[in-house]
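Results of the structural survey
Here's the letter readout for the chains.
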Amino acid sequence: MEQLVTANDTLFVLLGAIMVLAMHAGFAFLELGTVRHKNQVNALVKILVDFSVSTIAYFFIGYSVAYGVSFFSGAEVLAAKNGYDLVKFFFLLTFAAAIPAIVSGGIAERARFNPQLAATFALVALVYPFFEGIAWNKHYGVQDWLVSNFGFAFHDFAGSVVVHAMGGWIGLAAVILLGARAGRYSKDGRLHAYPPSNIPFLALGAWILTVGWFGFNVMSAQSIQGISGLVAVNSLMALVGGTLAALVMGKNDPGFVHNGPLAGLVAVCAGSDIMHPLGALATGAVAGGLFVWAFTMTQNRLKIDDVLGVWPLHGLCGAWGGLAAGIFGAKALGGIGGVSFMSQLIGTLMGISIALIGGFVVYGALKKFVGIRLDAEEEFNGADLSIHQIGASAED
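Structure report, in brief. Once a new chain begins, its residue numbering starts again from 1 and follows that chain's sequence as written. Predicted model: local features are reported for residues with pLDDT of at least 70 only, side-chain atom pairs are reported and counted for 80 or more only, and whole-chain, interface and lining totals are derived from all residues. Values reported for side chains reflect all heavy atoms of the structure, with hydrogen atoms and water molecules removed beforehand.

A few points about the nonpolar core
Here is the rule we go by: Here, nonpolar core means buried Ala, Val, Leu, Ile, Met, Phe, Trp, Tyr and Cys residues that are tied together by side-chain atoms lying within 4.5 Å of each other. Type-normalised accessible area, obtained with a 1.4 Å probe on protein chains alone, sets the label of each residue: buried when under 20%, exposed when over 50%, and partly exposed for intermediate values. Only runs of H or I of at least four residues qualify as helices and only runs of E of at least two qualify as strands under DSSP, and these elements are numbered from the N terminus. When checking whether two residues touch, look at their non-hydrogen atoms; a contact exists if any pair is within 4.5 Å.
Ranked by internal contacts, the top residues of the largest apolar core, which has 105 residues, are Tyr 58, Phe 131, Ile 170, Trp 213, Phe 216 and Tyr 363. With 12 residues, the top contributor of residues to this core is helix H8 (residues 160-178). Non-local contacts of Tyr 58, meaning those with residues more than four positions away in its chain, are made with Tyr 63, Tyr 67, Phe 89, Leu 92, Leu 93, Ala 96, Val 124, Tyr 128 and Glu 132.

Here it is, written out as structure tokens:
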């Protein structure tokens, strides 16, 4: 019976890993549909190669930094318990690899290829697992300190802060250091519109991400005994809330509409296991509205050229999700309880701080020593021809 339970757990986590792996196709198509035509090939290549570099970084360094586990033992040892420990690594790797996939959307159209791969390695090997270990493996006594002072640890069931806020705030640092795309802003500060190149591909990416997110959230239980329909329905309600809020706030704009469910899902990750579905609906609705408002402000007023809006979508909505878990997870608002708003606030601020510091250090060092931006001619020609020597279609 014990072996059957272990085998079922292994299959459960493996299916989750496959679903989140599929989400990387969503990242690719969301970026492909948003960037200009001359940068579509680069979007596809970047996501796949970033995932591969992330795997190497996490396998050899990152997983050990976060959990103190290495794979330098015989295959017979690794295959114990139906290989559960291996598929757990696979599952958590897909989370880690989301960091460069998130960043990719912000720095699109003007980032050099090889320096971005170097940044991916550093982020997944060191920066991300440093905070992952604090939040999910109780490193450095931070969680114990929160429990002793506020009654409960920082709660992030599926990564609103650990994954999404980290990725979004690292992306903000990278975007600031890169600067805006050539011609994006005129000398008098006016915004020049660069409309999405392909709305159907953008929508396809959003749908792939939305469906895969049920693996992201539900399978975060990491055992079949821990599976919860509450997590699934809360994810559903959050994506609906995010979509409808983005529809209204974005005035029917298809780019906002298709990012709405992603905003809701980013925000509900942290508290999806403890919120009431109505709380999840509210969390998603706030996130959808927050994304539209923050994306518009970022582009128009702050003059930060974040191409896919990864800071509003992942950075801000992820931070909101960390706080929302402390609000709607409370029993007073229909939640299961076991959370402290102060612990959520401190944990969220800590994640943001580590992400910003790590992002500025990694991309700042690369900018200083090797450069991170395409030259003017390469950017004008587009990343597809400049980096990959081929366009997205035969007539390019």
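Some remarks on the packing of helix H4 (residues 80-96) against helix H6 (residues 113-137)
This is how it is decided: Axis geometry follows a simple rule: fit a line to the C-alpha atoms, using only the stretch in contact for helices, then measure angles between N-to-C directions, giving values from 0 to 180 degrees. If an angle is under 35 degrees, it is roughly parallel; if it is over 145, roughly antiparallel; if it lies from 65 to 115, roughly perpendicular; otherwise it is oblique. By definition, any crossing whose near helix is turned counterclockwise from its far helix by less than a right angle is left-handed, and any crossing with a clockwise turn is right-handed.
Two elements in contact, H4 and H6, have axes separated by 11 Å at closest approach and are oriented at 115°. Judged on the interaxial angle alone, H6 and H4 are roughly perpendicular. Judged by the twist between their axes, the crossing of H4 over H6 is right-handed. Of the residues in H6, those in contact with Leu 92, Phe 95 and Ala 96 of H4 are Val 124, Tyr 128, Glu 132 and Trp 136.

Let's talk about a nonpolar patch on the surface
What counts here: Residues enter a patch when their relative accessible area is above 30% and they make no salt bridge; the linking distance is 9 Å between like charges and 5 Å between nonpolar side chains (Val, Leu, Ile, Met, Phe, Trp, Tyr). Computed with a 1.4 Å probe, the accessible areas rest on the Shrake-Rupley method; for each residue, only the protein chains presented here act as cover. Take a side-chain nitrogen of Lys or Arg and a carboxyl oxygen of Asp or Glu: if they are within 4 Å of each other, that pair is a salt bridge.
The grouping of Ile 56, Phe 60, Ile 61, Val 65, Phe 72, Phe 121, Leu 126, Phe 130 and Tyr 140 at the surface amounts to a nonpolar patch, some 880 Å² of accessible area in total. Sorting the residues of the nonpolar patch by element identifies helix H2 (40-67) and H6 as the ones contributing at least two each. When residues in the nonpolar patch are grouped by element, the largest group, four residues, is from H2. Mapped onto the fold, Phe 121 is located in helix H6.

A short note on H8
Worth spelling out the cut-off: For a helix, the expected span equals 1.5 Å multiplied by the number of residues minus one. The angle separating two fitted axes, one through the seven residues that finish at a residue and one through the seven that start at it, defines the bend at that residue.
Counted at 1.5 Å a residue, the expected span for H8 with its 19 residues is 27 Å, and the 25 Å between its end C-alpha atoms agrees. Of all bends in H8, the biggest is about 25°, found at Met 166. In the segment just after H8, Gly 179 is the residue with positive phi, at about 85°.

Regarding unusual backbone geometry
One non-glycine residue, Asn 82, lies in the positive phi region at around 60°. The residue Asn 82 is located in helix H4 in this model. Non-glycine residue Gln 222 carries a positive phi angle of around 65°. Tracing the chain through its elements places Gln 222 in the loop between helix H9 (199-218) and helix H10 (229-249).

Some words on the side chain of Gln 299
Keep this limit in mind: Any N or O atom pair separated by 3.5 Å or less is treated as a polar contact, with the protein-specific requirement of one donor-capable and one acceptor-capable atom, and with residues adjacent in sequence counted only for side-chain atom pairs.
Here Gln 299 shows up in helix H12 (residues 277-300). Using a relative accessible area of 3% as the deciding quantity, one classes Gln 299 as buried. Here Arg 184 takes part through its side chain, which lies 3.0 Å from a polar atom of the side chain of Gln 299. Residue contacts for Gln 299: discarding those within four places in its chain leaves Arg 184, Tyr 185, Leu 191, Ile 304, Asp 305, Asp 306 and Val 307.

Looking at the packing of aromatic side chains
This is how it is decided: Aromatic rings from Phe, Tyr and Trp, with only the six-membered ring used for Trp, were paired whenever their centres fell within 6.5 Å, and each pair was classed as stacked if the ring planes differed by under 30 degrees, edge-to-face if by over 60, and tilted otherwise. Working rule: Lys NZ or Arg CZ, within 6 Å of ring centre, within 35 degrees of ring normal, means a charge sits over the ring.
Inspection of the entire model under this criterion finds 22 aromatic pairs. For the ring pair Phe 130 and Tyr 140, a centre distance of 5.5 Å and an interplane angle of 40° mean the geometry is tilted. You can see Phe 130 sitting in helix H6 and its partner Tyr 140 sitting in the loop between H6 and helix H7 (142-150), a full 10 residues away along the chain. You can call Phe 130 partly exposed: its relative accessible area is 33%. Three or more aromatic residues joined by ring pairs form one cluster here, namely Tyr 58, Phe 59, Phe 60, Tyr 63, Tyr 67, Phe 71, Phe 72 and Phe 89. Over the face of the ring belonging to Phe 380 we find Lys 38, whose NZ or CZ atom lies 5.4 Å from the ring centre.

Examining the pattern of salt bridges
By the definition in use, this model includes eight salt bridges. For Asp 305, the salt bridge goes to Arg 184, with nearest N and O atoms at 3.3 Å. With Asp 305 in the loop between H12 and helix H13 (310-328) and Arg 184 in the loop between H8 and H9, this residue pair connects regions lying 121 residues apart in the sequence. Overall, the relative accessible area of 1% leaves Asp 305 in the buried class. A salt bridge links Arg 190 to Asp 188, with the shortest nitrogen-to-oxygen separation between them at 3.1 Å. Given the relative accessible area of 56%, Arg 190 is considered exposed. Judged by relative accessible area, which is 53%, Asp 188 ranks as exposed. Because the salt bridges share partners, they merge into one network encompassing Arg 36, Glu 109, Arg 181, Arg 184 and Asp 305.

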